[in-house]
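# Examining the three-dimensional arrangement
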Amino acid sequence: MSPEPESQSEDPSPSLEGWDPADDGPVDVPDVVEKAFAYRGNVSIDTTGGRALVGYLFNRNASGSRAFVQYLDDKGDGPFTLPYASIANIRFTGNDPAKGNSYVDYQRRKAQNLSALDAPAEASHE
Amino acid sequence: MAVPASQAWTVATYVLKQRLFRRKRYPLVLMLEPLLRCNLACAGCGKIQYPVQVLRKNMSVAQALAAVDECGAPMVSIPGGEPLLYPHISELVDELVKRKKYVYVCTNAVLLKQKLEAGLFTPSKYLSFSVHMDGLREEHDESVCRDGVYDAATDGIREALRRGFRVTTNTTLFDNVEPLRVREFFDEMMDIGVEGMMVSPGYSYEKAPDQTHFLGREKTRELFGKILGNKKKHWRFNQSPLFLQFLVGKQELECTPWGNPLYTLFGWQKPCYLLQDGYAASFSELMMGTDWDAYGHASGNPACQDCMVHSGYEPTAVAETFGSWRGLKDTVVSTVTGKV
């Protein structure tokens, strides 16, 4: 089960940042791959051979017997291809750059700037 | 008519050739993203939210040109990210112009004046700067989440025009705009002297920071009806009259997701410029391996229901113009009368 949406009212989209599917029980690899494919941060792919591959998972092909994912590593090298059969788990270890707060931040900064401009004007009327 | 006759002729002959060869699906504009990083973080944009190592990547010019050659579309649009941050933009544009492709560099123009002064580009009928402008100063700076960008962009536009470049604008509208202010903005762009304007409703990007202002279909028609219903004669649009009629609800068009295919750092994006359902390794794999019936308004795909974006519907409008007498007649009437 994926985590509940964050409680911040300014950010309506839930983020999977920090989620380890293994914490919730047996890992459903195709389901976790879909979530990782939609995730815009880096992930750590735990292979069945015991390796942890860190990078950005940008593609998956779930159809057919040769289902695979493609990723760029954390240096940007790649693409590397990995079959579903080699994936044990995918952890959402990287920051989520799509958490969606830049517009909120901009509005907040703008409101603060306007308040700062208003303050001296009010003072001058006193 | 905002599109030069030579470009209109190239597009017309290309479309007619596709029809002659009975090609059901063909590309019209290749969207080429050689990088994904940007110097802005706009509220309605879901294109740039990636890890640092992805944002630092640049496509090689050879890779970009191979995609252009494989696709074969007569027009190439270079968005991103911000294409003026691409270190090989000058070489890429030169190569595309040599291939007689009509190139649109889709820029926010923050760096345009600086790059022009550095001599990166040479004026050509094949090269246009398509400048992202979402409204007058207040609305545009709000849209791009940074004050001062409108002034920088208009400085860049004026410099480009002064140097003899083709300049168009590209405007994305959301449900928080005032129709009268948009009309004033169109007047302003015409006064500045741009060749033509492109306008489109924004797409509901899942990853965009601002999720509250995307338009539904009915709202889109209502808004564009107010903006374009009494279109001023001096407004010039760099897009098909049928697409504008579609926006105001006078045409029923279906999406052509393969019309503006996207080649990006990850490959050929399935199925279109806006949706990310995966990537194909080649253009032919994209065309042959995508279940096109699963996309577009008629498919019932929820991701397509509110979309009326030009990247999906402008190719349909162009195909309709050259594919039916009614389409041709509506286009001619609209062009001659200046009415949408």
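Residues numbered from 1 in each chain as written. Chains lettered and ligands numbered in written order. Predicted model: local features only at pLDDT ≥ 70, side-chain atom pairs only at ≥ 80, totals over all residues. Heavy atoms only, no water.

### Quick notes on the overall build of chain B
Scanning chain B from N- to C-terminus turns up 13 helices and nine strands. Its C-alpha atoms give chain B a radius of gyration of 19 Å, near enough to 20 Å, the size a compact globule of 340 residues would have. Reported as C-alpha extents along the three principal axes, the dimensions of chain B are approximately 50 × 45 × 40 Å. Relative to its 340 residues, chain B shows a buried fraction of 61%. Counting only contacts in chain B whose residues sit at least 6 apart along the sequence, the fraction spanning at least 24 positions is 76%. Carbon together with sulfur atoms contributes 52% to the accessible area of chain B, which is approximately 13,700 Å² in total. (Helix = DSSP H or I, 4+ residues; strand = E, 2+ residues; numbered from the N terminus. Rg over C-alpha atoms; globule rule 2.2 N^0.38 Å. Buried < 20%, exposed > 50% of the residue type's maximum accessible area, 1.4 Å probe, protein only. Contact = heavy atoms within 4.5 Å. Areas by Shrake-Rupley, 256 points an atom, 1.4 Å probe, with all protein chains shown as cover.)

### Examining the pattern of salt bridges
Inspection of the entire model under this criterion finds 19 salt bridges over all chains. With a shortest N-O distance of 3.0 Å, Asp31(A) and Lys35(A) are connected by a salt bridge. Of the two residues, Asp31(A) and Lys35(A) both sit in helix H1 (residues 29-38), four residues apart, roughly one turn of that helix. Put simply, Glu159(B) and Arg163(B) hold a salt bridge, and the shortest N to O gap is 2.7 Å. In the salt-bridge network here, residues are joined through shared partners; they are Asp69(B), Glu95(B), Lys98(B) and Arg99(B). (Salt bridge = Lys/Arg side-chain N within 4 Å of Asp/Glu carboxyl O.)

### Description of the environment of Glu159(B)
Residues and elements named next belong to chain B. Note that glutamate 159 resides in helix H7 (residues 149-162). Taking the C-alpha atoms as reference points, glutamate 159 and leucine 116, 43 residues apart in sequence, are found 7.7 Å from one another. Excluding residues that lie within four positions of it along the chain, glutamate 159 makes contacts with Lys113, Leu116 and Glu117.

### Observations regarding the side chain of Lys47(B)
One can find Lys47(B) in the loop between strand E1 (29-32) and helix H2 (52-55). At 3.0 Å, the side chain of Lys47(B) and the backbone oxygen of Tyr273(B) are in polar contact. (Polar contact = N/O pair within 3.5 Å; in protein donor to acceptor, adjacent residues only side chain to side chain.)

### A few points about the confidence of the model for chain B
Averaged over chain B, the pLDDT score is 93; the fraction of residues at 70 or greater is 96%. Across the interface, the model reports ipTM at 0.87; the global pTM reads 0.89. (pLDDT = per-residue confidence, 0-100.)

### Re the nonpolar core
Residue and element names in this part refer to chain B. Within the largest apolar cluster, 84 residues are counted, with the highest numbers of intra-cluster contacts made by Phe129, Phe186 and Leu228. Leave out the neighbours within four places in its chain, and phenylalanine 186 touches Met197, Val199, Ile227, Leu228, Trp235 and Phe237. Within the second largest apolar cluster, 24 residues are counted, among which are Tyr104, Cys106, Tyr203 and Tyr295. (Core = buried A, V, L, I, M, F, W, Y, C linked by side-chain atoms within 4.5 Å.)

### Focus on helix H9 (residues 217-228) of chain B
Residues and elements named next belong to chain B. With 12 residues, H9 extends 16 Å from end C-alpha to end C-alpha; this agrees with the ideal 16 Å at 1.5 Å per step. Among all positions of H9, only Arg217, Thr220, Arg221, Leu223, Phe224, Ile227 and Leu228 are buried. Packing partners of the buried residues in H9 comprise strand E5 (166-173), helix H8 (179-192), strand E6 (196-201), helix H10 (241-247) and helix H12 (310-323). (Expected span 1.5 Å × (residues − 1).)

### Concerning the pairing of strand E8 (residues 267-271) of chain B
Remark: a regular strand shows side chains that alternate across the two faces of the sheet. Residues and elements named next belong to chain B. Among the five residues of E8, five are classified as buried, and the element is accordingly described as predominantly covered. Two successive antiparallel strands, strand E7 (residues 262-264) and E8, enclose a turn made up of two residues. Across three bridges, E8 lies against strand E9 (residues 276-280) in antiparallel orientation. Bridging across to E9, tryptophan 268 finds its partner in alanine 280. (Pairing = 2+ DSSP bridges.)

### Quick word on the environment of Trp292(B)
Residue and element names in this part refer to chain B. Mapping tryptophan 292 onto the fold places it in the loop between helix H11 (283-289) and H12. The exposure class assigned to tryptophan 292 is buried, which follows from its relative accessible area of 5%. Setting aside residues up to four positions removed in sequence, tryptophan 292 forms contacts with Arg25, Pro257, Trp258, Pro271, Leu286 and Met287.

### Focus on the packing of aromatic side chains
Considering all chains together, one arrives at 21 aromatic pairs over all chains under this definition. Centroid distance Phe246(B) to Tyr313(B): 4.5 Å. Interplanar angle 25°. Geometry classified as stacked. A residue pair is termed long-range when its members are at least 10 positions apart, and Phe246(B) in helix H10 and Tyr313(B) in helix H12 qualify at 67 residues. Its relative accessible area of 0% is what places Phe246(B) among the buried residues. Looking at Tyr313(B), the relative accessible area reads 1%, which means it is buried. Every member of this aromatic cluster is reached through a ring pair, and the members are Tyr56(A), Phe58(A), Tyr50(B), Phe266(B) and Tyr279(B). Lying over the aromatic face of Phe37(A), Arg60(A) brings its terminal NZ or CZ to 4.0 Å of the ring centre. In this arrangement the basic side chain of Arg25(B) is found over the ring face of Trp258(B), its NZ or CZ atom lying 4.9 Å from the centre. (Phe/Tyr/Trp six-rings, centres within 6.5 Å; stacked < 30°, edge-to-face > 60°. Lys NZ or Arg CZ within 6 Å of the ring centre and 35° of its normal.)

### Considering H12(B)
Since the α-helix advances by 3.6 residues per turn, residues separated by three or four positions end up pointing in the same direction. All names here are of chain B. With 14 residues, H12 should reach 20 Å at 1.5 Å per residue; the first-to-last C-alpha distance of 18 Å fits that figure. Where burial is concerned, most of H12 is hidden: 10 out of the 14 residues are buried. Looking at H12, one finds that the buried residues are His310, Ser311, Gly312, Tyr313, Glu314, Pro315, Thr316, Ala317, Val318 and Thr321. Taken together, the buried residues of H12 touch helix H1 (5-20), E5, E6, H9, H10 and helix H13 (325-337).

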